[in-house]
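# Structural features, examined
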Amino acid sequence: MRSKDIVIIGAGAAGLICAAQAGARGKSVLVIDHANKPGKKILMSGGGRCNFTNLYVEPDCFLSSNPHFCKSALKGYDQWAFIAQVDQYQIPWHEKEEGQLFCDNSSKDILDMLLADITKVNATVEVLTQLKSVEKQTIGFKLGLEKIDKKKNVISTEVIQCQSLVIATGGPSIPTLGATGFGFQLAEQFGHKVHTYRASLVPFTWNNEDKPWFSELSGISLPITVTAKSGKQFTNQLLFTHRGISGPAILQVSNYWQPGESVKINLCPSVDVLVELKRHQQTDGKIQLKTVLNQWLPKRLTDKLMERYFTNKKLAELNSNEMSLIANQLNHWHFIPGGTEGYRTAEVTLGGVDTNDISSKTMESKLVAGLYFIGEVLDVTGHLGGFNFQWAWASGYAAGKYV
Ligand code: FAD
């Protein structure tokens, strides 16, 4: 029977950095993944250029029912530590908006770096391998593994022993990339609480009333400010899609949205519409409403709003009630999403393994000695912009240092 110091389930961002770090301490490490290659989400990320971290990582960029949990790991391995590693491998990168760091060339540079670190130490990655059973022993674990082929046929089974088991299986967003809720089931098997989880950093879909009006606007994008019921606010682009609304501002607010709630969208964040309408009315009352709105909004959006909510007339003909209604619609659109696009397109899973029973320093379970949880499987979710990878690196590093 093969025996390893550490087995890590999941060859994603967190699992790979953990393996390199633990291996560098002289531990024998096996990483298994049921997908056909490691790091599939890394390869897909950032539109193929991996937004690998953010210059402005702060604990308040993360959501968790235990908000202090992430602090120790984020401090122990911060964005500068990861940037130093990227620089050591001479991977060219650039800053996009708001401190987001992307590869100049390809996400593959980041994956190759992680795999290169693993080859330097006593660690191996085995893909197309599934964990079928876990048995806790007096010291360590006995694991039942299955090798599978691409058609998911079992080709061999193996029992392997390890002292420590690290769960780095992420969350169920984008199942076609190998994502599963396996980590949550395993956590529950060992008595861990799992917070309700859902797709997040995800586009909203239309409700039935808005759909017939706005679905034709697919492709239009504009800068907006969106505010969640909690008051959390984001200013960035909104993109109309056939199914609903997307774009960075909408993905960000989806972390703070609960089904049934509305979000408040300011379609003209740099314009106080009521003030401007009144000003135009006094200086140029003959101008048509539509002409004024076209100064602030894409033309197709103006057309649709006019069709649905307003009558086109000269500004001089608008009474103050009508002006308030127009201003309200533009500066305070209360949009009730029909739902989200779900795990099919979500960048992350919000919620997960309760962190109260996990050591924030080592990521070890407080309930089961030798069992660790890292990365997205934990109830820690970052904003859009490189924060989720930074959490994967930081929590993976923390576990790799102590496991
Ligand atoms: P993952 O990277 O999801 O890795 C989990 C691994 O476990 C996978 O390889 C999976 O195959 C494996 N696994 C799952 N179940 C099993 C099982 N039962 N047995 C064996 N193996 C299993 N974040 C950013 O910060 N910046 C970005 O630019 C960015 N872009 C993204 C783009 C997309 C399309 C998506 C989906 C996500 C993006 N994210 C981004 C989020 C980021 O990818 C994740 O938060 C991060 O990968 C989580 O790392 P992880 O190691 O915890 O999990």
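Please read all numbers here as calculations on a predicted model, not as lab measurements.

Taken domain by domain, the protein consists of domain 1 (2-198 + 352-402) and domain 2 (203-340). Between domain 1 and domain 2, the C-alpha centre-to-centre distance is 40 Å. Across the boundary between the two partners, domain 1 contributes nine residues, which contact twelve residues of domain 2. For the domain 1 and domain 2 pair, buried surface summed over both sides reaches about 800 Å², with 40% attributable to carbon and sulfur atoms. Summed over the three residues of domain 1 that lose the most area to domain 2, namely R198, H383 and L384, the buried surface amounts to 62% of that side. Viewed at the interface, domain 2 and domain 1 are joined by zero salt bridges. Taken together, the links from domain 1 to domain 2 amount to six residue pairs in polar contact (both at pLDDT 80 or more). Within the side of domain 1 that touches domain 2, the residues separate by chemical class into two nonpolar, three polar and four charged.

As a further point, take the site of the ligand. Around the ligand sit 31 residues, and of these A14, D33, T180, E376 and F389 come closest. In this structure, an oxygen atom belonging to the ligand sits 2.9 Å away from a main-chain N or O atom of A14. Within the backbone of N51, an N or O atom sits 2.9 Å from a nitrogen atom of the ligand. Calculation on the ligand without its partners gives an accessible area of 990 Å², and the protein chains cover 95% of this total. Of all the secondary-structure elements, those providing two or more residues to the shell around the ligand are α1 (13-24), α2 (40-48) and α13 (387-402).

Attention now goes to the sheet that holds strand β5 (residues 93-95). On the basis of which strands lie adjacent, the open sheet formed by three strands has the order β3-β6-β5 and antiparallel pairing. At either end of the open sheet lies a strand with only one pairing partner, and these are β3 (51-54) and β5. For this sheet the average axis-to-axis angle between neighbouring strands, irrespective of direction, equals 30°. As defined by bridge partners, β3 adjoins strand β6 (residues 100-103) across three bridges and the pair is classed as antiparallel. Among the inter-strand pairings, N54 is bridged to a residue of β6, identified as Q100.

Calculation notes
Residues numbered from 1 in each chain as written. Predicted model: local features only at pLDDT ≥ 70, side-chain atom pairs only at ≥ 80, totals over all residues. Heavy atoms only, no water. Domains from an automatic or database assignment. Contact = heavy atoms within 4.5 Å. Buried area = accessible area lost by both parts, 1.4 Å probe. Salt bridge = Lys/Arg side-chain N within 4 Å of Asp/Glu carboxyl O. Polar contact = N/O pair within 3.5 Å; in protein donor to acceptor, adjacent residues only side chain to side chain. Nonpolar A, V, L, I, M, F, W, Y, C, P; charged D, E, K, R; others polar. Near = heavy atom within 4 Å. Areas by Shrake-Rupley, 256 points an atom, 1.4 Å probe, with all protein chains shown as cover. Helix = DSSP H or I, 4+ residues; strand = E, 2+ residues; numbered from the N terminus. Pairing = 2+ DSSP bridges. Axes fitted to C-alpha atoms, helices over the stretch in contact; angles between N-to-C directions.

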